[in-house]
Amino acid sequence: MMRHLISAADLSRDDAVLILDTAEEMARVADRPIKKLPALRGRTVVNLFFEDSTRTRISFEAAEKRLSADVINFAAKGSSVSKGESLKDTAQTLEAMGVDAVVIRHGASGAPYNLATSGWIDAAVINAGDGTHQHPTQALLDAFTMRRRLIGPDAGLGQDLGGKRITIVGDVLHSRVARSNVDLLHTLGAEVTLVAPPTLVPVGVENWPCEVSYSLDQVLAKSDAVMMLRVQRERMNAAFFPTEREYARRYGLDGERMAKMPEHAIVMHPGPMVRGMEITAEVADSERCTAIEQVAGGVHTRMAVLYLLLGGNEPAGAPATRTEESK
Ligand code: NCD
């Protein structure tokens, strides 16, 4: 297993399947009365968030605590970063305090890579989203949810997503979720189609391992999962489509469109959802929408990543037995 997790593209098929299988073990721990494992006891993990986050931040914190790590939360707002302190100085401050892992979210693409390779710190670095670049744990939790729903929690063990057809819809241009998913889903053998208005399709997409379509209606019937993306207004400096209504009409998922999907197919969303824009309330609240399951799976998947990166070498379920005996 690698030392850092910077990009979904760095994961081999076997690494990714190991993370998903370990996440299933972590999910079983969550069903026990005592949800904690001692795996990271005595290790310190810092959550270094320079950009807003709800799900990712809370789910990393829950994962770290369930593994018994000491957790430090750092939000750039309210810290010396607002006084102009650089990433290097912030990182070295953390290093001086003896941290074992840094979970970092940053507005600049490449910040986690810099942190991991600069020599500023010794800690393992986990990318929790950098600019429009990568969000590898999101892709892993999405794959975890797809494997559970499309194959099954037990039947899926050891399996990849070979032959599954996944459609990713919306603001691909500004989406680190889309980039990470394209990389990981390709590694896992799935066939990916991106659907977006031409203005929101990145330059160079022809070199990505996926197809591109401009018509959502044409691809729905051949999708096993349809992943909706939020329009990233905070990253836009121009008008990329005429009006919200026009966007919703062509690229939004409503009940009528959802009915065109095969019966087994699921609707996914990384959150935060903008109801009425990329997804209607009817679809968001339907049984077929896995947004909440994705959040739950996020804790299990992040536990697996932390456990494997920080040197877990016993089967993940094993230490829990000891916890229960020693309680
Ligand atoms: C995404 C992100 O921050 O990249 N959300 C998440 O991590 N769950 C997607 C988004 O903000 O739209």
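Every value quoted in this text rests on a predicted model; they were computed, and no experiment measured them.

Student: Requested: an account of the overall build of the protein, with residues and values cited.
Tutor: Counting secondary structure elements, the protein contains 12 helices and 9 strands. Since a compact globule built from 327 residues should have a radius of gyration of about 20 Å, the 20 Å found for the protein is in line with a globular shape. Overall, the protein is about 55 × 50 × 35 Å in size when its C-alpha atoms are taken along their principal axes. For the protein, the residues scored as buried account for 56% of the 327 residues in total.

Student: Report on the pattern of salt bridges, specifying residues and quantitative values.
Tutor: Taken as a whole, this structure holds 17 salt bridges when the rule is applied. Between Arg 147 and Asp 21 there is a salt bridge, and its shortest N-O distance comes to 2.9 Å. Linking Arg 147 in helix α5 (residues 136-150) with Asp 21 in helix α1 (residues 13-30), this pair joins segments that are 126 residues apart in sequence. The class of Arg 147 is buried, set by a relative accessible area of 1%. Residues participating in the shared-partner salt-bridge network are Arg 13, Asp 14 and Asp 160.

Student: Would you mind going over the domain arrangement of the protein in detail, with residue names and values included?
Tutor: We note that the domain assignment places domain 1 (8-135 + 294-325) and domain 2 (136-290) within the protein. Contacts between domain 1 and domain 2 engage 35 residues on the former and 37 residues on the latter. Run the count over domain 1 and domain 2 and you get 6 salt bridges. At the boundary of domain 1 with domain 2, the tally comes to 19 residue pairs in polar contact (both at pLDDT 80 or more). For the side of domain 1 that touches domain 2, the elements supplying multiple residues, two or more each, are α1, α2 (55-66), β3 (101-106), β4 (124-130) and α11 (291-309). Considering each element in turn, the side of domain 1 that touches domain 2 owes the most residues, 10 residues, to α1. Across the side of domain 1 that touches domain 2, the residue classes tally to 12 nonpolar, 14 polar and 9 charged.

Student: How would you sum up the sheet that holds strand β6 (residues 191-195)? Please name residues and give values.
Tutor: Within the open sheet, the 5 strands sit side by side as β7-β6-β5-β8-β9. Their pairing is parallel. Each edge of the sheet is formed by a strand with only one pairing partner; in this case those strands are β7 (211-213) and β9 (266-268). Going across the sheet, the axis of each strand differs from the next one's by a mean of 25 degrees, ignoring polarity. Of the strand pairs in this sheet, strand β8 (residues 225-228) and β9 are connected by 3 bridges, and their pairing is parallel. Note that in β9 the partner of Val 226 across the bridge is Val 267. Here α5 sits on the sheet in contact with β5 (165-169), β8 and β9, set at roughly 170 degrees to β9.

Student: Please give an account of the side chain of Arg 179 that cites residues and values.
Tutor: Structurally, Arg 179 is set in helix α6 (residues 176-187). Not counting residues within four places of it along the chain, the set of residues in contact with Arg 179 comprises Thr 132, His 133, Gln 134, Val 172, Leu 173, His 174, Pro 202 and Trp 208.

Student: Got a sec to walk through α11? Specific residues and values, please.
Tutor: Over its 19 residues, α11 extends 26 Å from the first C-alpha to the last, a length consistent with the 27 Å expected when each residue adds 1.5 Å. The largest bend along α11 reaches roughly 25 degrees and is located at Gly 297. Of the residues one or two after α11, Gly 311 is the one with positive phi, at around 90 degrees.

Student: Please give an account of the UniProt feature "binding site: carbamoyl phosphate" (unreviewed entry) in the protein that cites residues and values.
Tutor: Using the residue numbers shown here, the UniProt feature "binding site: carbamoyl phosphate" (unreviewed entry) corresponds to Arg 55, Thr 56, Arg 105, His 135, Gln 138, Gly 271 and Pro 272. In this fold, Arg 105 is placed in strand β3. Polar side-chain contacts of Arg 105 include one of 3.0 Å to the backbone oxygen of Asp 52. Locating Gln 138 in the fold gives a position in helix α5. Not counting chain neighbours up to four residues away, the residues in contact with Gln 138 comprise Val 177, Pro 270, Gln 294 and Arg 302.

Student: Which residues make up the site of the ligand, and what values go with them?
Tutor: Taken together, the neighbourhood of the ligand is formed by Thr 56, Arg 105, His 135, Gln 138, Arg 176, Val 177, Arg 230, Gln 232, Pro 270, Gly 271 and Pro 272. In this structure, an oxygen atom belonging to the ligand sits 2.7 Å away from a side-chain N or O atom of Arg 176. Here a nitrogen atom of the ligand and a backbone polar atom of Pro 270 are 2.9 Å apart. Expressed as a share of its isolated accessible area of 320 Å², the protein-covered part of the ligand is 93%. Tallied by class, residues from the shell around the ligand come to 3 nonpolar, 5 polar and 3 charged. Lining the shell around the ligand are residues from two domains, each supplying at least three of them: domain 1 (8-135 + 294-325) and domain 2 (136-290).

Calculation criteria
- Residues numbered from 1 in each chain as written.
- Predicted model: local features only at pLDDT ≥ 70, side-chain atom pairs only at ≥ 80, totals over all residues.
- Heavy atoms only, no water.
- Helix = DSSP H or I, 4+ residues; strand = E, 2+ residues; numbered from the N terminus.
- Rg over C-alpha atoms; globule rule 2.2 N^0.38 Å.
- Buried < 20%, exposed > 50% of the residue type's maximum accessible area, 1.4 Å probe, protein only.
- Salt bridge = Lys/Arg side-chain N within 4 Å of Asp/Glu carboxyl O.
- Domains from an automatic or database assignment.
- Contact = heavy atoms within 4.5 Å.
- Polar contact = N/O pair within 3.5 Å; in protein donor to acceptor, adjacent residues only side chain to side chain.
- Nonpolar A, V, L, I, M, F, W, Y, C, P; charged D, E, K, R; others polar.
- Pairing = 2+ DSSP bridges.
- Axes fitted to C-alpha atoms, helices over the stretch in contact; angles between N-to-C directions.
- Expected span 1.5 Å × (residues − 1).
- Bend = angle between axes of the 7 residues up to and from the residue.
- UniProt positions renumbered as here; feature names shortened; annotations may be inferred.
- Near = heavy atom within 4 Å.
- Areas by Shrake-Rupley, 256 points an atom, 1.4 Å probe, with all protein chains shown as cover.

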